Amino acid sequence: MDSNRDDDVVRADAQAPTEVMEPADADAEAPDDPALGSPGAQPQSRLGIAAFVTGALGVWVAAIPLGHLGMNAARRGREETRSFAMAGTILGYLGLALTAVLVWFLVRGPQPETVDAYAHHDVVEVGNAVGAALAAQGDLPAVEVAGEGYAVGDASLAGALDTQRTVTLTEVGDDGWCLELDYVGGNAGSWSFDSAQGVTEGGTCAAA
């Protein structure tokens, strides 16, 4: 009796329509993970533009880190301005290099040849002032270093030389004179202006 019932159940199941399960849609996109930078994520970063702007303005201290962050974000798909980030990084490093060169020149100071040229300018200017004062007063004026320039009698002269220096004026013979300018930082080390011989590089009034 139970066997017949089981056979009826089996035949009923065989005649029932089979439900076909729909396969998972292979084209369905998985949720994007912004942290992983999945292809479907929309670029949101503007670090590249910020790096380019700061680099163009010479703010290399900001352009370099922003540029690197922008390029990293571009690799993760979060940055759509990778070219701007790269350009900003390059500009930042150029600004850093130029700043380093400028600081080096400022610390190093002027070239010895430039110092010698400044000293030559000063000895000529002071010597001419001595000659003019002597012609006007009949006596040699007092000459000394005064701040960044020189004092010749009552007159003040601006100087080009800004290194440590000394200036002396001595009489030569009855009506001659010799001006000597000694300084540091140049190749010559001194210039002399003799009223009879003119300007001599490295010359001294004692030798005159």
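As the structure is a computational prediction, the values presented were derived from the model and not from experiment.

1. Here's the deal with the side chain of Thr163
Thinking step 1. Tracing the sequence through the fold places Thr163 in the loop between strand E3 (155-158) and strand E4 (165-172).
Thinking step 2. There is a polar contact of 3.0 Å between the side chain of Thr163 and the backbone oxygen of Val184.
Thinking step 3. If near-sequence neighbours (up to four positions away) are discounted, Thr163 is found in contact with Val115, Tyr183 and Val184.

2. Focus on the sheet that holds strand E7 (residues 198-201)
Thinking step 1. The 4 strands are arranged E4-E5-E6-E7 in an open sheet whose pairing can be described as antiparallel. The sheet is open, and its two edges are formed by E4 and E7, each paired on a single side. Each adjacent strand pair in this sheet contributes to an overall mean axis angle of 15°, direction not counted.
Thinking step 2. The pairing of strand E5 (residues 176-183) with strand E6 (residues 190-194) spans 5 bridges and is antiparallel. Paired with Leu179 across the bridge in E6 is Phe193.
Thinking step 3. Packing of helix H5 (residues 112-137) onto the sheet brings it into contact with E4, E5, E6 and E7, and relative to E5 it is tilted by some 150°.

3. Brief notes about the state of the cysteines
Here, disulfide denotes a covalent bond that connects the sulfur atoms of two cysteines.
Thinking step 1. Using the criterion set out here, one finds 1 disulfide in the structure.
Thinking step 2. Here Cys178 is linked by a disulfide to Cys205, with a sulfur-sulfur distance of 2.1 Å. Across the S-S bond of Cys178 and Cys205 the torsion is about -85°, and the bridge reads as left-handed. Residue Cys178 is found in strand E5, and its partner Cys205 is found in the segment after E7; the two are separated by 27 residues along the sequence.
Thinking step 3. The class of Cys178 is buried, set by a relative accessible area of 0%.

The rules we used
Residues numbered from 1 in each chain as written. Predicted model: local features only at pLDDT ≥ 70, side-chain atom pairs only at ≥ 80, totals over all residues. Heavy atoms only, no water. Helix = DSSP H or I, 4+ residues; strand = E, 2+ residues; numbered from the N terminus. Polar contact = N/O pair within 3.5 Å; in protein donor to acceptor, adjacent residues only side chain to side chain. Contact = heavy atoms within 4.5 Å. Pairing = 2+ DSSP bridges. Axes fitted to C-alpha atoms, helices over the stretch in contact; angles between N-to-C directions. Disulfide = S-S within 2.5 Å. Buried < 20%, exposed > 50% of the residue type's maximum accessible area, 1.4 Å probe, protein only.

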